[in-house]
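Observations on chain architecture
Read off the chains here:
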Amino acid sequence: MKLQDLVLPVAIHCKNEKEAEIFCNHLSEIGRSAGYVIQFMEYEENLCYYIEDNVYGNILYGDVETAKEEGLKIVEFSDLDYEKPVTYKYGQMLISNQDTEIENFPGIVFKIHKGNRVVVGFDGLAHHMESGYAQPFEDGISIEGYSHTGVVAMVWKYLNQYLPMEKMLEDYGLKPKDITDVIKKALAEIGLHE
């Protein structure tokens, strides 16, 4: 169930500090505010957040027993279904899991096929390997940390595009993995690894 679909008033029960932290972070994303550190220290596994109306602002808190005495419906945090923040890494390789279309300018539509590889660019854009198209990520997506998977794939793509790699591999008795492993080692040397 989703928070916005609950019939108010309700009490959200957080059984541990991690649940309270995640719930409070979600509240701040939707314009409400509540703390979790002091509240959890006070109520521990009995901590409840009381949501009495849809008005933006602070949320009251207390324990499960008080919520029951007040006649509030108790909803377990673990039963809530809300969109969790999506975080990618710079250089990460993403793969489209369905066919989709993207309109970047009015009337100009790009078809993105299932299985399309996308690299999270260091410029914060999604770089489609098939088409070379780059697009901004949707709101709510954050980029933190680094990954070499997309960087290696992009370097390999450009090596193949601009150099006679098949002939070079054949001449030296190498496989593509031999080259990509060397690229990974070079990136790891400068701290860009999984």
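In this text the structure is predicted, and so the values were computed from the model without any measurement.

Moving on: the sheet that holds strand β5 (residues 60-63). One open sheet holds the four strands; their spatial order is β5-β3-β1-β6, and the pairing between them is mixed. Among the strands making up the open sheet, the edge pair consists of β5 and β6 (73-76). Pairwise comparison of adjacent strand axes, ignoring direction, gives a mean angle of 35 degrees for this sheet. Strand direction decides the pairing type here: strand β3 (residues 47-51) and β5, joined by four bridges, are antiparallel. Residue pairing in the sheet places Leu 47 in a bridge with Asp 63 of β5.

Tallied over the entire structure, the rule returns eight aromatic pairs. Relative to Tyr 49, the ring of Phe 23 has its centre 5.5 Å away and its plane inclined at 45 degrees; by these criteria the two rings are tilted. With Phe 23 in helix α1 (residues 17-29) and Tyr 49 in strand β3, this pair connects stretches of sequence that are 26 residues apart. Here the two residues Phe 23 and Tyr 49 agree in accessibility, since each one is buried. An aromatic cluster is defined as three or more aromatic residues linked by ring pairs; in this entry it consists of Phe 23, Tyr 49 and Phe 77.

To continue, consider the nonpolar core. Leu 3, Leu 6, Ile 12, Phe 23, Tyr 49, Ile 51 and Leu 80 are the most contacted members of the largest nonpolar core, which totals 17 residues. Going through the elements one at a time, β1 (10-13), α1 and β3 are the ones with two or more residues in this core. Once you skip the residues sitting within four places of it in the chain, Ile 12 turns out to touch Leu 3, Leu 6, Phe 23, Leu 47, Cys 48, Tyr 49, Ile 51, Val 75, Phe 77 and Leu 80. Listed in part, the nine residues of the second largest apolar core include Leu 169, Ile 179, Ile 183 and Leu 187.

In this model helix α4 (residues 149-162) runs 20 Å from its N-terminal to its C-terminal C-alpha over 14 residues, within 8% of the 20 Å that 1.5 Å per residue would give. Of the positions making up α4, those classed as buried are Gly 150, Val 151, Val 152, Ala 153 and Trp 156. Packed against the buried residues of α4 are β8 (93-95), β11 (117-120), α5 (165-172) and α6 (176-189).

Looking at where Ala 67 falls in the secondary structure, it is placed in helix α3 (residues 64-69). Overall, the relative accessible area of 0% leaves Ala 67 in the buried class. Taking the C-alpha atoms as reference, Ala 67 lies 53 Å from Met 129; in sequence the two are 62 residues apart. In this structure Ala 67 touches Ala 11, Tyr 50, Leu 72 and Ile 74, once residues within four positions along its chain are discounted.

Nonpolar side chains collect at one region of the surface, where Tyr 158, Tyr 162, Leu 163, Met 168, Tyr 172 and Leu 174 lie side by side and expose about 660 Å² of accessible area between them. At the level of secondary structure, the elements contributing two or more residues to the nonpolar patch comprise α4 and α5. With respect to the helices and strands, Leu 163 occurs in the loop between α4 and α5.

What follows deals with unusual backbone geometry. Omega for the bond connecting Leu 8 with Pro 9 falls within 30 degrees of zero, at 5 degrees, which places this linkage in the cis form. Within the secondary structure, Pro 9 is located in the segment before β1. Positive phi outside glycine occurs at Glu 44, with the angle close to 45 degrees. A residue is classified by how much of its surface remains accessible, and Glu 44, at 43% relative accessible area, is partly exposed.

Evaluated as defined, the whole model comprises zero disulfides. Sulfur of Cys 24: no disulfide; nearest cysteine sulfur belongs to Cys 14 and is 6.7 Å away.

Turning our attention to the sheet that holds β11. Strands sit in the order β8-β11-β12-β13 across an open sheet of four strands; the sheet is antiparallel. Only two strands of the sheet have a single neighbouring strand rather than two, namely β8 and β13 (134-136). Each neighbouring strand pair of the sheet contributes to a mean axis angle of 30 degrees, computed without reference to strand direction. Here three bridges tie strand β12 (residues 125-128) to β13, and the two strands are oriented antiparallel to one another. If you follow His 127 over to β13, its bridge partner there is Ala 134.

Procedures and definitions
- Residues numbered from 1 in each chain as written.
- Predicted model: local features only at pLDDT ≥ 70, side-chain atom pairs only at ≥ 80, totals over all residues.
- Heavy atoms only, no water.
- Pairing = 2+ DSSP bridges.
- Helix = DSSP H or I, 4+ residues; strand = E, 2+ residues; numbered from the N terminus.
- Axes fitted to C-alpha atoms, helices over the stretch in contact; angles between N-to-C directions.
- Phe/Tyr/Trp six-rings, centres within 6.5 Å; stacked < 30°, edge-to-face > 60°.
- Buried < 20%, exposed > 50% of the residue type's maximum accessible area, 1.4 Å probe, protein only.
- Core = buried A, V, L, I, M, F, W, Y, C linked by side-chain atoms within 4.5 Å.
- Contact = heavy atoms within 4.5 Å.
- Expected span 1.5 Å × (residues − 1).
- Patch = residues over 30% accessible without salt bridge, like charges linked within 9 Å, V, L, I, M, F, W, Y side chains within 5 Å.
- Areas by Shrake-Rupley, 256 points an atom, 1.4 Å probe, with all protein chains shown as cover.
- Salt bridge = Lys/Arg side-chain N within 4 Å of Asp/Glu carboxyl O.
- Disulfide = S-S within 2.5 Å.

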